Amino acid sequence: MLIAFLLWIFEASLFILYGRLVLWLLRPLCGARRAPQSSPLLVLLVGLVMVTSLASLASLWTNLSALTLALFMLGGLLILAWEWKVDHLNSLKAFWQVPASGKGWLLIALLLLGLVLDLSTRRTANPDTGIYHAQAIRWIETYPAVPGLGNLHTRLAFNSAWLVANAQFSLAFLGIQSFHALPGLIMAAFGWLALTGLRRIWQHVARPSDWVKALLLPLAFFTIATESSSPGTDFPAILLVWFVLIEWLAEQEQPGQDAYRPVLIALVAVFAVTVKLSVAPVILFTVFIFTRYLRARLFGLAGAIVLGGALILLPWCARNVVLSGYLVYPEPAVDLFNVDWKIPLQVATDEKVTIQAWARI
């Protein structure tokens, strides 16, 4: 548990720093004069998106090991130095504020944290982890993307950005084991978010988004919390959709208050699709925000969504082509590349039918 908790602190700190970098890059487009501020959760998530996308790009040429992690850490230190020079780290302090003051709320927060830590460090509850999640992560830890890997086992071509992220932070290069602390961190972040909603309800100042946060918390523990012990893709895909929905509601309640929020929501929604293709309808949030910017003639912000979306999607698509020969696997209809390692068309079609049948069950 101690190792998992320390990894949470390390990963969250790195994601927040890279999320802050995204805010600084967006600052001229948003017309902000002071140091940029946005939803702490969205900043953490967009930092996860940025690090994972860069790791996916790197995985095309090299395995994700101590070297790539050291480069990410160096980047984080440079961002930290920039924050100190420009803002004396004042903006970073908001990320470490306790969401609920008072002994009672602090006790609830600690109990929630302990529960998530316990669930996320148990034996993996997702059977697919033993079938292909762990193996796919091991391939990413050991080798660059292997052309035609899906021919060895079709599920090894089920490319997910979440598996890349878990491989980068597994610390497998230490020779101990692969640590998969990321699912627990995302669940802890959701618990933090839900706690802010519960507190606002208690204070009688709740908005609809606060009620959604509070109501989703017991649903999360009833349905998916045990999945936090596994690097599987269903768990993060569901939580990312919930995060997008909650932040979207918050934006509708206070439109324009956070100039960065719509762009960050759009990027997280795109990333959710690379985690699990079945949540593709969430991309409609991105389309709506992009269209709204075009109508308002905010071409800079619209361009930021296009550029950010390309950074997220292109490495993911490239890994799909390398692993399976298809741009989106297992969707044989999108057949654009005639590479010699391509998974046979009938095999890809059968895999698609199997997935559809399982989803209907």
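Scroll up to find the structure this text is about.
Predicted model, so just to flag it, every value in this text is computed and none were measured.

Thoughts on unusual backbone geometry
Omega for the peptide link from Y329 to P330 comes to 5°, which places this bond in the cis form. When you line up the elements, P330 lands in the loop between helix 12 (299-324) and helix 13 (345-360). Not every positive phi belongs to a glycine, and H204 is a case in point at roughly 60°. Structurally, H204 can be placed in the loop between helix 7 (182-202) and helix 8 (208-223). Look at H204 and you get exposed, because its relative accessible area is 73%.

What to know about the side chain of D210
For D210, the location among the structural elements is in helix 8. Reaching out from D210, the side chain makes a polar contact with the backbone nitrogen of R207 at a distance of 2.8 Å. When near neighbours in sequence (up to four residues on either side) are disregarded, D210 contacts G197, R200, I201 and V205.

Structural notes on the packing of helix 7 against helix 9 (residues 234-253)
Axis angle and axis distance: for two packed helices, these are the angle between their axes and the distance between the axes, and together they describe the pair. It is at 11 Å that the axes of helix 7 and helix 9 come closest, and there the two elements cross at 30°. By the angle class used here, helix 7 and helix 9 are roughly parallel. In this structure, helix 7 crosses over helix 9, and the sense of that crossing is left-handed. Residues P183, I186, M187, F190 and L193 of helix 7 lie in contact with helix 9, whose contacting residues are F235, L239, W242, F243, I246 and E247. When grouped by side-chain class, the residues that make up the contact of helix 7 with helix 9 number 10 nonpolar, no polar and one charged.

Notes on the pattern of salt bridges
Enumeration according to the criterion identifies 10 salt bridges in this entry. Linking D210 and K213 is a salt bridge whose minimum nitrogen-to-oxygen distance equals 3.4 Å. You can see D210 and its partner K213 sitting in helix 8, three residues apart, about one turn around the helix. We classify D210 as buried; its relative accessible area is 2%. Three or more residues are tied together by salt bridges with common partners; here these are R200, D210 and K213.

Quick word on the packing of helix 2 (residues 40-58) against helix 10 (residues 261-275)
Interhelical geometry of helix 2 versus helix 10 gives an angle of 45° and a closest axis separation of 10 Å. The angle between helix 2 and helix 10 places the two elements in the oblique class. Helix 2 and helix 10 meet at a crossing whose hand is left-handed. Contacts from L42, L45, V46, L48, V49 and T52 of helix 2 reach helix 10 at R261, L264, I265, L267, V268 and F271.

Let's talk about a nonpolar patch on the surface
Among the surface-exposed residues, L2, F5, L6 and I9 lie close enough to one another that they form a single nonpolar patch of about 370 Å² accessible area. Locating I9 in the fold gives a position in helix 1 (residues 2-30). Residue classification places I9 among the partly exposed residues on the basis of a relative accessible area of 38%.

Points about the side chain of N166
In this structure, N166 sits in helix 6 (residues 161-168). Since its relative accessible area comes to 1%, N166 is described here as buried. At a separation of 2.8 Å, a polar atom in the side chain of N166 contacts the main-chain carbonyl oxygen of W162. When near neighbours in sequence (up to four residues on either side) are disregarded, N166 contacts I137, F179, H180, L182, P183 and P231.

Some words on empty space enclosed by the protein
Within this structure, the stated rule accounts for one cavity of 30 Å³ or more. Estimated volume of the largest cavity: approximately 100 Å³. Lining the largest cavity are 15 residues, with A136, I140, L149, R319 and L323 positioned closest to its centre. Listed by contribution, the elements that provide at least two residues to the lining of the largest cavity are helix 5 (127-142) and helix 12. In terms of residue class, the lining of the largest cavity is made up of 12 nonpolar, two polar and one charged.

A closer look at helix 4 (residues 103-120)
The end-to-end C-alpha distance of helix 4, which contains 18 residues, comes to 26 Å, matching closely the 26 Å that a straight helix rising 1.5 Å per residue would cover. Within the sequence span of helix 4, burial applies to W105, L112, V116, L117, L119 and S120. End-on view of helix 4: buried residues confined to an arc of 170°, all on one side of the axis. For helix 4, exposure combined with an orientation more than 90 degrees from the buried face picks out K103, L110 and L111. Buried residues in helix 4 make contact with helix 1, helix 7 and helix 8.

Reading guide: rules and limits
- Each chain carries its own residue numbering, running from 1 in the direction its sequence is written.
- Thresholds applied to this predicted model are a pLDDT of at least 70 for local features of residues and 80 or more for the giving and counting of side-chain atom pairs; totals over whole chains, interfaces and linings are not thresholded and use all residues.
- Excluded from the side-chain calculations are hydrogens and water; all other atoms, namely the structure's heavy atoms, are used.
- Counting from the N terminus, the helices are the DSSP runs of H or I reaching at least four residues and the strands are the DSSP runs of E reaching at least two.
- Exposure is judged per residue with a 1.4 Å probe applied to protein chains only, and the accessible area is read against the type maximum: over 50% gives exposed, under 20% gives buried, and values in between give partly exposed.
- In protein, a polar contact requires one atom able to donate a hydrogen and another able to accept it; more generally it is a pair of N or O atoms within 3.5 Å, and residues adjacent in sequence count only if both atoms are side-chain atoms.
- The contact rule is simple, with two residues in contact once any of their heavy atoms fall within 4.5 Å.
- All axes here are fitted lines through C-alpha atoms, helices being fitted over the stretch that makes contact, and every angle between N-to-C directions spans 0 to 180 degrees.
- To sort the angles, those under 35 degrees are grouped as roughly parallel, those over 145 as roughly antiparallel, those from 65 to 115 as roughly perpendicular, and the leftovers as oblique.
- Left-handed describes a crossing in which the near helix is turned anticlockwise from the far one by less than a right angle; the clockwise case is right-handed.
- All residues other than Ala, Val, Leu, Ile, Met, Phe, Trp, Tyr, Cys, Pro, Asp, Glu, Lys and Arg, Gly among them, are scored as polar; the first ten of these are nonpolar and the last four charged.
- One speaks of a salt bridge when a side-chain nitrogen belonging to Lys or Arg is within 4 Å of a carboxyl oxygen belonging to Asp or Glu.
- Patch membership requires over 30% relative accessible area and the absence of a salt bridge. Like charges are linked within 9 Å, and nonpolar side chains (Val, Leu, Ile, Met, Phe, Trp, Tyr) within 5 Å.
- Accessibility throughout is a Shrake-Rupley quantity obtained with a 1.4 Å probe, and a residue counts as covered only by protein chains that appear here.
- A cavity here means a set of 1 Å grid points, computed over protein atoms only, where a 1.4 Å probe fits but cannot escape. A pocket is an open set with protein on both sides within 12 Å along at least 5 of 7 lines, and lining residues have an atom within 4 Å of a point.
- Grid points are joined across faces, edges and corners, and a volume is the space filled by probe spheres set on the points.
- To estimate the expected span of a helix, count its residues, drop one, and scale the result by 1.5 Å.
- In this context, the arc is that of the directions from the helix axis out to the C-beta atoms.

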